[in-house]
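Notes for the structure review
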Amino acid sequence: MTADEPTSVRGGRQDVPAGPVRELLAPRETALGGSTVVRRLLPGLGRRMVGAWCFVDHYGPDDIADESGMQVPPHPHIGLQTVSWLHQGEVLHRDSLGSLQTVRPRELGLMTSGRGISHSEESPRPHARLLHGAQLWVALPDAHRHTAPTFEHHADLPEITAAGLHGTVILGTLDGATSPGTTHTPLVGADLTLTEGTATRLPLQPDFEYAVLTMSGLTEVDGVRLEPGSMLYLGSGRRELPLRALADGSLLLLGGEPFEEKLVMWWNFIGRSSEEIAQARSDWMEGARFGEVHGYDGDRLAAPTLPSVPLKPRGRAR
């Protein structure tokens, strides 16, 4: 997926709470290709990152039986990883490496852009009636952001279980279970399903900061009631997280060590300077660097105009 407007994103530890907090992050809705409307939760005015997680879109469940569904034309990325995660429906991924992969519910589609890649995302034809999922980005640290691009698909992911809880580890490690997906900073992503009436405590790492996105149902996270599409930032310093299901529900847990480096994020690029971002835009518009996505029925996306004020790396927003 693509970001819809230029946004400066900031790193560094100075704005990461030293202890637990409960900050409810308000989403903003934006249209994205075809009939898809997403709820954007990161970056936002109140919180820009959670560990290395720097972008979170939640979409659906949408009835796309008579619609084209997701249709995101070829577009470029640098300096990040994309994580495709579905609860319902399918997404067909194509990229400039020649990858062609249908991602299905609870399967990990992980693309590492490194120095540059382009890809498209679309609902297959024909496609399932409902589409529901999340698209997430992970910022790459300086040591790995110029690496060769790759794409991974993992259909089988490790699981954790407790009374009334079932979890799938998307990235990183949770409760002793480790995902096969490649990571470049200490982080975790997990899909948690709870049955109505469940009350449990999830083990956490105190040096990580965390947030929880409600995918479906009605839950309480550390006593805060969450409805679908809402995201609660939890701060750091936690060793466990109280969860309670008021109805059958599903959550995404995102966490990681606070990201040390200061970043610039604009459109689909993450860099370290305005000049680097401008060069990436020029390379995309001139047809260099990012390769070509074959097989998508439509034109590739044109890059928006750069802002008149140079983008500068800064610390995190509060």
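Keep in mind the model is a prediction, meaning the values are calculated, not measured. (Residues numbered from 1 in each chain as written. Predicted model: local features only at pLDDT ≥ 70, side-chain atom pairs only at ≥ 80, totals over all residues. Heavy atoms only, no water.)

Turning our attention to the pattern of salt bridges. This structure, assessed with the given rule, holds 15 salt bridges. When the shortest N-O distance is used, the salt bridge between D222 and R22 registers 3.0 Å. With D222 in the loop between β19 (219-221) and β20 (224-226) and R22 in strand β1 (residues 20-25), this residue pair connects regions lying 200 residues apart in the sequence. A relative accessible area of 51% means that R22 is categorised as exposed. (Salt bridge = Lys/Arg side-chain N within 4 Å of Asp/Glu carboxyl O. Helix = DSSP H or I, 4+ residues; strand = E, 2+ residues; numbered from the N terminus. Buried < 20%, exposed > 50% of the residue type's maximum accessible area, 1.4 Å probe, protein only.)

This brings us to the packing of aromatic side chains. Under the counting rule described, the total for this entry stands at seven aromatic pairs. A centroid spacing of 4.0 Å and a plane angle of 15° characterise the contact between F55 and W137, whose relative ring orientation is stacked. Remark: W137 occurs in strand β11 (residues 130-139) and F55 occurs in strand β4 (residues 53-63); sequence separation between them is 82 residues. On the basis of relative accessible area, F55 is assigned to the buried category, the value being 0%. Ring centres of F269 and F290 lie 5.9 Å apart, and the angle between their planes is 15°; this geometry places the pair in the stacked category. Placement of F269 in strand β25 (residues 269-271) and of F290 in the segment after α1 (274-285) is noted, with a sequence separation of 21 residues between them. Following the ring pairs from residue to residue traces out a cluster consisting of W266, W267, F269, W284 and F290. Directly above the ring of Y233 sits R47, whose terminal nitrogen or CZ lies 4.0 Å from the centroid. The ring of W284 is capped by R300, whose NZ or CZ atom sits 3.9 Å from the centre of that ring. (Phe/Tyr/Trp six-rings, centres within 6.5 Å; stacked < 30°, edge-to-face > 60°. Lys NZ or Arg CZ within 6 Å of the ring centre and 35° of its normal.)

For the rest of this paragraph, the subject is the sheet that holds β19. Taken in spatial order, the four strands make up an open sheet running β17-β22-β19-β20, and their pairing is antiparallel. The sheet terminates laterally at β17 (199-203) and β20, the two strands that pair on one side only. Each adjacent strand pair in this sheet contributes to an overall mean axis angle of 30°, direction not counted. Pairing between β19 and β20: three bridges, direction antiparallel. (Pairing = 2+ DSSP bridges. Axes fitted to C-alpha atoms, helices over the stretch in contact; angles between N-to-C directions.)

Another point: the environment of A245. Locating A245 in the fold gives a position in strand β22 (residues 240-245). As a C-alpha pair, A245 and G197 span 48 residues in sequence and 5.4 Å in three-dimensional space.

Next up on the list: the side chain of R47. For R47, the position within the fold is in the loop between β3 (37-42) and β4. Looking at R47, its side chain comes within polar contact range of the side chain of E23, at 3.1 Å. (Polar contact = N/O pair within 3.5 Å; in protein donor to acceptor, adjacent residues only side chain to side chain.)

Taking 1.5 Å per residue as the helical rise, α1 with its twelve residues ought to reach 16 Å, and the 17 Å between its terminal C-alpha atoms agrees with that figure. Taken residue by residue, α1 has S274, E276, I277, A280, R281, D283 and W284 as its buried positions. Those residues of α1 that are buried are in contact with β5 (71-77), β10 (117-122), β24 (264-266) and β25. Of the residues trailing α1, G287 is marked for its positive phi of about 80°. (Expected span 1.5 Å × (residues − 1). Contact = heavy atoms within 4.5 Å.)

So, about the sheet that holds β5. Strand order across the open sheet formed by four strands is β5-β10-β7-β8, with antiparallel pairing between neighbours. Two strands close off the open sheet at either side, each with one partner strand: β5 and β8 (100-103). Strand-to-strand twist across the sheet, computed as the mean angle between neighbouring axes with direction ignored, equals 20°. Pairing between strand β7 (residues 91-95) and β8: four bridges, direction antiparallel. Considered in β8, the bridge of V91 is made with V103.

Before going further, it helps to spend a moment on the environment of L97. Mapped onto the secondary structure, L97 falls in the loop between β7 and β8. L97 gets classed as partly exposed once you look at its relative accessible area, which sits at 44%. Through-space distance from the C-alpha of L97 to that of S118 is 8.4 Å; in sequence the pair is 21 residues apart. Residue contacts for L97: discarding those within four places in its chain leaves I117, P149, T150 and F151.

Turning our eyes to something else, we now look at the nonpolar core. In terms of nonpolar packing, the biggest core is built from 36 residues, with W53, V56, V83, L171 and M231 touching the most fellow members. Considering each element in turn, this core owes the most residues, five residues, to β11. Each residue touching W53, except ones within four places of it in the same chain, is listed here: L42, R48, V83, L136, W137, V138, L171, L187, V188, G189, L254 and G255. Core analysis: the next-biggest nonpolar cluster, separate from the first, contains 24 residues, L202, L204, Y210 and L241 among them. (Core = buried A, V, L, I, M, F, W, Y, C linked by side-chain atoms within 4.5 Å.)

Spatial relationships are all this shows, so hold off on functional conclusions.
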